[in-house]
Amino acid sequence: MKTPRKVSTIPLKQLWRETEWIEATRDRFLPPEETEKIIQNETVPIAVASIMAPMHWPSRADRFNDWISIKPLLLDGTQDEWVTDKHQFYVASLWHSDSGDYLLFEHHH
């Protein structure tokens, strides 16, 4: 199966990087406080998924700049309903694989 070049649906069912699938599963959605703790751990790669855009994997140098733009739009992913008056928002989730964890931000717009 070919790797998608752009995100076509959210929530994601699988992660990928460029042309390779990542064997990882979503563990759970996260509240903002836990997300902020994980973002400080630079060993956990982050990805940003947005409809009709390629999967974005910020470098370690760029992760905090991305976080600054995501943080004001981040909802508590542990809530039963994601309600906001904003036209767009992000939800964070933690994914597990044999090689480690991943932090995913899904951009809803």
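Residues numbered from 1 in each chain as written. Predicted model: local features only at pLDDT ≥ 70, side-chain atom pairs only at ≥ 80, totals over all residues. Heavy atoms only, no water.

Participant: Explanation requested: the pattern of salt bridges in the structure shown.
Facilitator: Two side chains carrying opposite charge are able to pair once their charged atoms lie near each other. Inspection of the entire model under this criterion finds four salt bridges. One salt bridge in this structure joins Glu106 and Arg26, with 2.8 Å as the shortest N-O distance. Of the two residues, Glu106 is situated in strand S6 (residues 100–108) and Arg26 in strand S3 (residues 24–29); the sequence distance between them amounts to 80 residues. In this structure, the salt-bridge partner of Arg28 is Asp27, at a minimum N-O distance of 2.5 Å. (Salt bridge = Lys/Arg side-chain N within 4 Å of Asp/Glu carboxyl O. Helix = DSSP H or I, 4+ residues; strand = E, 2+ residues; numbered from the N terminus.)

Participant: What's the story with the environment of Pro45 in this structure? I'm lost.
Facilitator: Take Pro45: it is sitting in the loop between helix H1 (32–40) and strand S4 (46–50). When the C-alpha positions of Pro45 and Leu12 are compared, they lie 16 Å apart, and in sequence the two are 33 residues distant. With sequence-adjacent residues up to four places away left out, Pro45 is seen in contact with Arg17, Trp57, Arg63, Asp101, Tyr102 and Leu103. (Contact = heavy atoms within 4.5 Å.)

Participant: Can you walk me through helix H2 (residues 63–70) in this structure?
Facilitator: Three or four residues apart is the spacing at which side chains of an α-helix point the same way, because the helix has 3.6 residues per turn. Residues of H2 that are buried: Arg63, Asp66, Trp67 and Ile70. Axial view of H2: buried residues confined to an arc of 105°, hence all on one face. Exposed side chains of H2 directed beyond 90 degrees from the buried face belong to Asn65 and Ile68. Looking at the buried residues of H2, the elements they touch are H1, S4, strand S5 (89–97) and S6. (Buried < 20%, exposed > 50% of the residue type's maximum accessible area, 1.4 Å probe, protein only. Arc of directions from axis to C-beta.)

Participant: What's the story with the side chain of Thr35 in this structure? I'm lost.
Facilitator: Examined against the element boundaries, Thr35 turns out to sit in helix H1. Accessibility expressed as a relative area gives 0% for Thr35, which makes it buried. Those residues in contact with Thr35 that sit more than four places away from it in its chain are Leu30, Trp67, Leu74, Ala92, Leu103 and Phe105.

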